[in-house]
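# A structural walkthrough
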Amino acid sequence: MSEEKASKFNFDSAKRYMQEKAIVQAMNYLEGDPENNIPKIVKMFQKLTPVPLHREFAGNIQGFYEDYPAIRTYINSIFTEIDRDVRNKMVTNFLLNSLALSSARRQQVQDEEGIHVPYTFLIDPTSACNLKCTGCWAGEYTKHDQMEPELFDRILTEAKELGIYAVVISGGEPFVYPYLLDMIEKHNDMVFMIYTNGTRIDDEVADRLKALGNVSPTISLEGWEEETDARRGKGTFQKVIAVMNRLKQRGVFFGTSLTITRNNVDKLMSDEFLDFLIDQGVKYVWSFHYVPIGRQPDTDLMILPEQRAYLSERVNYLRFNKPLPIMDFWNDGAYTEGCIAGGKCFFHINARGDVEPCAFAHFSVDNIREKSFKEVISSPLFTAYQKGQPFSDNMLCPCPIIDQPEALRRIVKETGAHPTHEGADSVLTGELASFLDQRSADWKAAADPIWASRQKAQ
């Protein structure tokens, strides 16, 4: 390393250290009196981040805190229910590394090399799982695919070099992967979210999650005991509840992933169920509409257009009236300007190394084993995806699988992308494809007047 580079490295390291100290001190200060001190913290973050959108977002958070009691209750709970060290580590890695500092690096790569770098990516270190859930996207994966720790490490290292410090881990079941927590510890400047069935989180694992601080488990549920056990196996619900109690007792920041079907949408979005999650210590919810892919896809499980319309209104109401953030992956296109996959905001790497637009679109032209991280994010498949986004002027119809199926067919044909497992191409032709065409048309008919009404109200 040259003297000039060494000097810059030392300066940048010292600067980051001071920024980390400032955030930790601010969080500890905020802990004593969040209601009066939040405006001060917002101003500090706005000074740290170079991105105008992030400054605006911080200002919105402050406004919501002041105007909505449920949001105020939620934010206060972060200081009363989450372990101090966990909270400080998560906030530091998220605000400083993943937002404030890394955004400048991502923009630099864009400006200098013309390569769009997404904010995050989803990676499966293993396809193995201890459960066999009906309709799981990993259901068709070969059960012996597993990343070598050296490959996993290389991917994370190269991601950071491009300014990505937030990673989502899925599978399979990630906690089956023997190197998982060691890798998270090695990359302790990153923030990780893990989609998990939860059943492998015993006391020892829970202790380590607390000690690491930079990782948030997101535990899958289908509803109450009857719904969860019907899809995931008898006894799963009670195991999950025990795990949630274990994490809550330790002050670990965790959430839940809800798969919404025609049969459970009302139960999952009910006051009773959401209040139950809050009592269990859940701090966020990812809502995923059932998509007919994977093991034994069942189109009857897809929510109906009228149910999806209800969901679009219900979730918006809940966000301001429950102390529990809810993200609706398919109905939130207005906030993300359509589909976020294909490297726009994220992409998916499966356990074989196939690089896919998302966890539901099982098509690829590249394998990370053969190419660098930088090469795969600039692939023809991702370029085509990004050129086509948004796939509809109606942001309630963002998805090229269930809302705009012709878009996915066009992209696959243009790029020569191949299916990454047997049966993945069933969404392109045949009976399932015809069903998706009709269902997307039915949803568009329901969504267009809703979208028009929202645009008129702005």
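Anyway, here's the lowdown on the structure attached to this text. (Residues numbered from 1 in each chain as written. Predicted model: local features only at pLDDT ≥ 70, side-chain atom pairs only at ≥ 80, totals over all residues. Heavy atoms only, no water.)

### A few points about the sheet that holds strand β11 (residues 366-367)
In a beta sheet, neighbouring strands pair by backbone hydrogen bonds and run either parallel or antiparallel. Strand order in this open sheet of ten strands is β7-β6-β5-β4-β3-β2-β1-β8-β9-β11, and the pairing throughout is mixed. Each edge of the open sheet is held by one strand with a lone partner, namely β7 (326-328) and β11. Bridge count for strand β4 (residues 215-221) against strand β5 (residues 255-260) is four bridges, and the pairing is parallel. Within β5, the position partnered with L221 by the bridge is L258. (Pairing = 2+ DSSP bridges. Helix = DSSP H or I, 4+ residues; strand = E, 2+ residues; numbered from the N terminus.)

### A closer look at the pairing of strand β1 (residues 120-123)
Going residue by residue along β1, you find T120 and L122 tucked away on one face and F121 and I123 tucked away on the opposite face as well. Of the pairings in the sheet, the one linking β1 to strand β2 (residues 166-169) comprises four bridges and is parallel in character. Looking at β2, one finds that T120 is bridged to A166. Two strands pair when backbone bridges link them, and β1 and strand β8 (residues 348-349) are joined in this way by two bridges, in the parallel orientation. Within the sheet, the bridge partner assigned to L122 lies in β8 and is H348. (Buried < 20%, exposed > 50% of the residue type's maximum accessible area, 1.4 Å probe, protein only.)

### A word on the environment of E225
With respect to the helices and strands, E225 occurs in helix α9 (residues 225-232). Sequence spacing of E225 and I71 is 154 residues, and the spatial spacing of their C-alpha atoms is 28 Å. Residues in contact with E225, not counting those within four places in the same chain, are F237 and Q238. (Contact = heavy atoms within 4.5 Å.)

### Side note on the pairing of β4
Taken across its seven residues, β4 has seven buried, putting it largely inside the fold. Since strand β3 (residues 191-196) and β4 lie parallel, the crossover through helix α8 (residues 203-212) that links them has a hand, and here it is right-handed. (Right-handed = clockwise from strand over helix to strand, strands pointing away.)

### Thoughts on the pattern of salt bridges
The full count for this structure, using the stated rule, is 28 salt bridges. Between R208 and E185 there is a salt bridge; the shortest N-O distance is 2.7 Å. Note that R208 is positioned in helix α8 and E185 in helix α7 (residues 180-186), a separation of 23 residues in sequence. Overall, the relative accessible area of 28% leaves R208 in the partly exposed class. The partner of D271 in a salt bridge is R314, and the shortest N-O contact between them spans 3.0 Å. With D271 in helix α12 (residues 271-280) and R314 in helix α13 (residues 305-321), this pair connects stretches of sequence that are 43 residues apart. The exposure class of D271 is partly exposed, given its relative accessible area of 38%. One connected set of salt bridges, linked through shared partners, spans D203, D207, R246 and R250. (Salt bridge = Lys/Arg side-chain N within 4 Å of Asp/Glu carboxyl O.)

### Topic: helix α5 (residues 84-113)
Under the 1.5 Å per step criterion, the end-to-end length of α5 is 40 Å for 30 residues, consistent within 8% with the ideal 44 Å. Roughly 50° is the biggest bend found in α5, and it falls at S102. Sitting at the head of α5, D83 places a side-chain oxygen 3.0 Å from the backbone nitrogen of D85. Just downstream of α5 lies G114, where phi reads positive at about 70°. (Expected span 1.5 Å × (residues − 1). Bend = angle between axes of the 7 residues up to and from the residue. Polar contact = N/O pair within 3.5 Å; in protein donor to acceptor, adjacent residues only side chain to side chain.)

### Looking at the nonpolar core
Ranked by internal contacts, the top residues of the largest apolar core, which has 127 residues, are F121, L277 and F373. When near neighbours in sequence (up to four residues on either side) are disregarded, L277 contacts L221, T256, L258, V282, V285 and L324. Grouped together as the second largest cluster of nonpolar side chains are eight residues, A309, C397, A447 and I450 included. (Core = buried A, V, L, I, M, F, W, Y, C linked by side-chain atoms within 4.5 Å.)

### Some remarks on the state of the cysteines
A full pass over the atoms with the stated rule returns zero disulfides. Between C358, a free cysteine, and C399, which holds the nearest cysteine sulfur, the sulfur-to-sulfur gap is 6.5 Å. A relative accessible area of 8% places C358 in the buried class. C397 forms no disulfide, and the closest cysteine sulfur to it belongs to C399, at a distance of 10 Å. (Disulfide = S-S within 2.5 Å.)

### Quick word on the packing of helix α10 (residues 236-250) against α12
Where α10 contacts α12, the two axes come as close as 9 Å, and the packing angle between them is 45°. Here α10 is positioned oblique relative to α12, judged by the angle of their axes. Residues F237, I241, M244, N245 and K248 of α10 touch α12, and the partners they reach there are F276, D279 and Q280. Partitioned by chemical class, the residues of the contact of α10 with α12 number four nonpolar, two polar and two charged. (Axes fitted to C-alpha atoms, helices over the stretch in contact; angles between N-to-C directions. Parallel < 35°, antiparallel > 145°, perpendicular 65-115°, else oblique. Nonpolar A, V, L, I, M, F, W, Y, C, P; charged D, E, K, R; others polar.)

### Overview of the packing of aromatic side chains
This model, assessed by the stated rule, comprises 24 aromatic pairs. Pairing F152 with Y177 gives two aromatic rings, centres 5.8 Å apart and planes at 70°, and the pair type is edge-to-face. Of this pair, F152 sits in helix α6 (residues 149-161) while Y177 sits in the loop between β2 and α7, and the two are 25 residues apart along the sequence. Here F152 falls in the buried class, since its relative accessible area comes to 1%. Given the relative accessible area of 2%, Y177 is considered buried. Taking the centre distance of 5.1 Å and the plane angle of 85° together, the rings of W224 and F273 count as edge-to-face. Taken together, the residues W224 in the loop between β4 and α9 and F273 in helix α12 connect sequence positions 49 residues apart. Of the residues examined, W224 reaches a relative accessible area of 25% and is grouped as partly exposed. (Phe/Tyr/Trp six-rings, centres within 6.5 Å; stacked < 30°, edge-to-face > 60°.)

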